[in-house]
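One-letter residues, chain by chain:
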Amino acid sequence: MDFEFSVPVIVVGGGAAGAVAALSARLAGAEVLLVERDASARGTTAMSQGLMCAAGTRAQATAGIDDDADTLFADIMAKTRGAADPVIARAVADASGPAADWLCDVLGYPLVLDTGARAAYGHSRQRLHGWLHHGGADMVQFLHAKLAETGVDVLMPARLVELVGDGDRIDGIVVERPDGSREAIGCGALILASGGFAANHEQVAAHMPEAAAARHNGHEGNMGDGIWLGAQAGAALGDMGSYQGYAMLADPHGITVPPGVLVEGGIIVNRLGQRFTNEVTDIAGMVHPVLAQPDGVAWVLLDGRIAQLNDYIPETRALQASGAVRSAGDAAALAAMIGADAAVLAATLADAHAAAGAGRADAQGRDWAAAQPPAWPVLAIRVCGAIYHTQGGLQIDGSARVLRRDGGRFANLLACGGAARGVSGPSWWGYLPAMGLGSAISMGRIAGLSAAAITAG
Ligand SMILES: Cc1cc2nc3c(=O)[nH]c(=O)nc-3n(C[C@H](O)[C@H](O)[C@H](O)COP(=O)(O)OP(=O)(O)OC[C@H]3O[C@@H](n4cnc5c(N)ncnc54)[C@H](O)[C@@H]3O)c2cc1C
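Reading the values: the criteria
Residues numbered from 1 in each chain as written. Predicted model: local features only at pLDDT ≥ 70, side-chain atom pairs only at ≥ 80, totals over all residues. Pairing = 2+ DSSP bridges. Helix = DSSP H or I, 4+ residues; strand = E, 2+ residues; numbered from the N terminus. Expected span 1.5 Å × (residues − 1). Buried ≥ 20, exposed ≤ 12 C-beta atoms within 10 Å, placed from the backbone. Contact = placed C-beta atoms within 7 Å. Near = placed C-beta within 6 Å. Nonpolar A, V, L, I, M, F, W, Y, C, P; charged D, E, K, R; others polar. Arc of directions from axis to C-beta. Core = buried A, V, L, I, M, F, W, Y, C linked by C-beta atoms within 7 Å. Domains from an automatic or database assignment. Axes fitted to C-alpha atoms, helices over the stretch in contact; angles between N-to-C directions. Parallel < 35°, antiparallel > 145°, perpendicular 65-115°, else oblique.

Colleague: Explain the sheet that holds strand E5 (residues 128-130) to me, please; I cannot follow it from the model alone.
Modeller: Working definition: the strands of a sheet are paired by backbone hydrogen bonds and lie parallel or antiparallel to each other. Taken in spatial order, the 3 strands make up an open sheet running E3-E5-E4, and their pairing is antiparallel. Since the sheet does not close on itself, it has two edges, and those belong to strand E3 (52-53) and strand E4 (112-113), each with one partner. Pairing between E3 and E5: 2 bridges, direction antiparallel. Its bridge partner being in E5, methionine 52 is matched across the sheet by histidine 129.

Colleague: Would you mind going over the pairing of strand E9 (residues 182-192) with me for this structure?
Modeller: Within a regular strand, the side chains alternate between the two sheet faces. Relative to E9, strand E1 (residues 5-12) runs parallel, the two being bridged by 7 bridges. Along E9, the bridge assignment pairs serine 6 with glycine 186. Pairing analysis gives 5 bridges linking strand E8 (residues 169-176) to E9, with the strands arranged antiparallel. Across the sheet, isoleucine 173 pairs through a bridge with isoleucine 185, a residue of E9. Connecting E8 to the antiparallel partner E9 that follows it, the hairpin turn spans 5 residues, and glycine 180 within it adopts a positive phi of roughly 90°. Of the strand pairs in this sheet, E9 and strand E19 (residues 409-415) are connected by 3 bridges, and their pairing is parallel.

Colleague: What should I look at first to understand helix H15 (residues 435-456) in this one?
Modeller: In an α-helix, one full turn covers 3.6 residues, which means residues spaced three or four apart are oriented alike. Between its first and last C-alpha, H15 extends 31 Å over 22 residues, near the 32 Å set by a 1.5 Å rise per residue. Counting buried positions along H15 gives 20 out of 22 residues, so the element sits mostly inside the fold.

Colleague: Whenever I open this one, the environment of leucine 413 confuses me. Can you help?
Modeller: Locating leucine 413 in the fold gives a position in strand E19. For the pair leucine 413 and proline 110, spaced 303 residues apart in sequence, the C-alpha separation works out to 31 Å. For leucine 413, the residues in contact, after removing those within four places along its chain, are Ile170, Leu190 and Val402.

Colleague: What should I look at first to understand the site of the ligand in this one?
Modeller: As a structural note, the neighbourhood of the ligand is formed by 44 residues, with Gly13, Gly15, Gly43, Gly417 and Gly436 the closest of them. Of the residues that constitute the shell around the ligand, the class distribution is 15 nonpolar, 24 polar and 5 charged.

Colleague: What exactly am I supposed to notice about helix H6 (residues 136-150) here?
Modeller: For H6, built from 15 residues, the straight-helix expectation of 21 Å at 1.5 Å per residue is met to within 8% by its first-to-last C-alpha distance of 21 Å. What H6 keeps buried is the set Gly136, Met139, Val140, Leu143, His144, Lys146 and Leu147. Projected onto a plane normal to the axis of H6, the buried residues spread over an arc of 155° and lie on a single side. For H6, exposure combined with an orientation more than 90 degrees from the buried face picks out Ala145, Ala148 and Glu149. Next to the buried residues of H6 lie helix H1 (16-27), strand E2 (32-35), helix H2 (43-47) and strand E6 (153-155). Two residues or fewer past H6, glycine 151 is found with a positive phi of approximately 85°.

Colleague: For this particular structure, what's the right way to read the nonpolar core?
Modeller: Generally speaking, nonpolar side chains in soluble globular proteins are found buried as a group. Of all hydrophobic cores here, the largest spans 152 residues; its most connected members are Val9, Ile10, Ile191, Val383, Ala415 and Cys416. For this core, the element with the highest residue contribution is H15, accounting for 11 residues. Taken domain by domain, the makeup of this core includes at least three residues from each of domain 1 (5-242 + 391-456) and domain 2 (245-387). The residues contacting cysteine 416, other than those within four sequence positions of it, are Ala17, Ala21, Ile191, Ala193, Ala400, Ala440, Met443, Gly444 and Ala447.

Colleague: Explain the domain arrangement of the chain here, please?
Modeller: Accessible area lost during the coming together of the parts is what is often quoted as the interface size. Here the chain is described as being made up of domain 1 (5-242 + 391-456) and domain 2 (245-387). On a C-alpha basis, the centroid separation for the pair domain 1 and domain 2 is 32 Å. Between domain 1 and domain 2, the contact holds 20 residues from the first and 23 residues from the second.

Colleague: What should I look at first to understand unusual backbone geometry in this one?
Modeller: Most peptide bonds adopt trans geometry, and most residues besides glycine take a negative phi value. Across the junction of aspartate 251 and proline 252, the peptide omega takes the value 10°, indicating a cis bond. Positive phi outside glycine occurs at alanine 400, with the angle close to 70°. Inspection of the secondary structure puts alanine 400 in the loop between strand E17 (393-394) and strand E18 (401-403).

Colleague: Whenever I open this one, the packing of helix H5 (residues 86-105) against H15 confuses me. Can you help?
Modeller: Helices that pack against each other are described as a pair by the angle of their axes relative to one another and the distance between those axes. Look at H5 against H15: their axes get within 8 Å of each other, and the N-to-C directions meet at 85°. When the interaxial angle is binned, H5 and H15 end up roughly perpendicular. For the pair formed by H5 and H15, the contact residues are Ala91, Val92, Ala95, Ser96, Ala99 and Trp102 on the first element and Gly438, Ser439, Ile441, Ser442, Met443, Arg445 and Ile446 on the second. Residue composition of the contact of H5 with H15, by class: 8 nonpolar, 4 polar and 1 charged.

Spelled out as structure tokens, the structure:
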């Protein structure tokens, strides 16, 4: 195929993984072209809270948090019951701290340790980092400003529709413009960072049938294009049944209720007023108990103290502003709001308070040593379960190089972020908080460095 032009490194996808990969390759000396299907890059990253988990960062050291790559690696393997790919897990754990520090020191991204987010849901250390009072949309905007500043060319809207190559080499790509015209562009190395496939309902039903009926609350461009095109070229795939679900999408407002609401003492009840899960064990896997409730809805109960502790998070304020948070002075008012029996609701809250007071676990097995259940007046948010982002994809090695089904390795094809196999194990129960961006940014940086090294060689 004749290419209209060629560039050393092409990156497909302008979310966190792609933007970081492009910046990393560019700062390592490569000429880079980033290709994005939308007219303005947002991706799932722009919908996110913009939090990344990272271990051994300078921000942690300053806060006196004793953490390192080995501890994060152990947490990943424990959370995934040993089923995460150990090579990728090791690479993410090792790269996360340096990647977070690089964002700050080299790019000037104002990343800080989220001291309001406790070590929870599988993280044994306080290691969530973010831009205080800002979310994923600001992260994307910041990274794209850096792309412009550092001289990375960006082609959008242009959708990757074909990989051109033979055997273990990718010679270039074909992109399609919104008017249907196509361009062939040659490359020395290709990084697929086109996200996961949570918006592809057919593939979700095929790989994760238990989530097929769940609402999708991710980016509609996450059709898995890079994954299927990579597979057509001979790439191996891994953990295709893995995903980040979420149990607390405000319904119908579509705003994420921050996990800290539960960690600080919030509980979840169904429309009968009953609890049905231990709210602090699995932030992503909790989607399934919620989907199984009558009408597939639930109510998060909190109080003013818990809301205050989460007030620094933009979503908490958005929930307030949208009217999603409603207040009830007593069990009768709360029951009328939910449509439950007042006596059942009162007993549910009383049980949690009794357990907390006695220093014992409650009927759901929740240990209240570190938090207090909601007190009156109680605040309530109606929520539903949703699928946010898939975690399986192109099988990569520790340098983000894509592996082939025949056991070999592509010479110049790399992948990162949602397009690549992550570190969440094979299913819905292995996701650690903020690992979506944690792995996208860590492996994105590695992919960029690898691509620069391949093309320099
Ligand atoms: C509501 C919500 C909140 C979340 N909060 C967090 C959080 O706080 N912390 C965390 O770690 N994770 C969070 N996640 C998950 C996190 O957002 C993702 O794991 C992460 O953004 C993935 O980054 P990415 O760059 O791989 O994908 P994306 O950000 O989705 O970027 C992929 C890009 O590729 C483009 N693209 C797709 N196909 C093509 C094609 N054929 N050609 C060209 N371009 C293409 C898309 O348009 C998109 O811009 C959240 C997810 C959701 C939905």
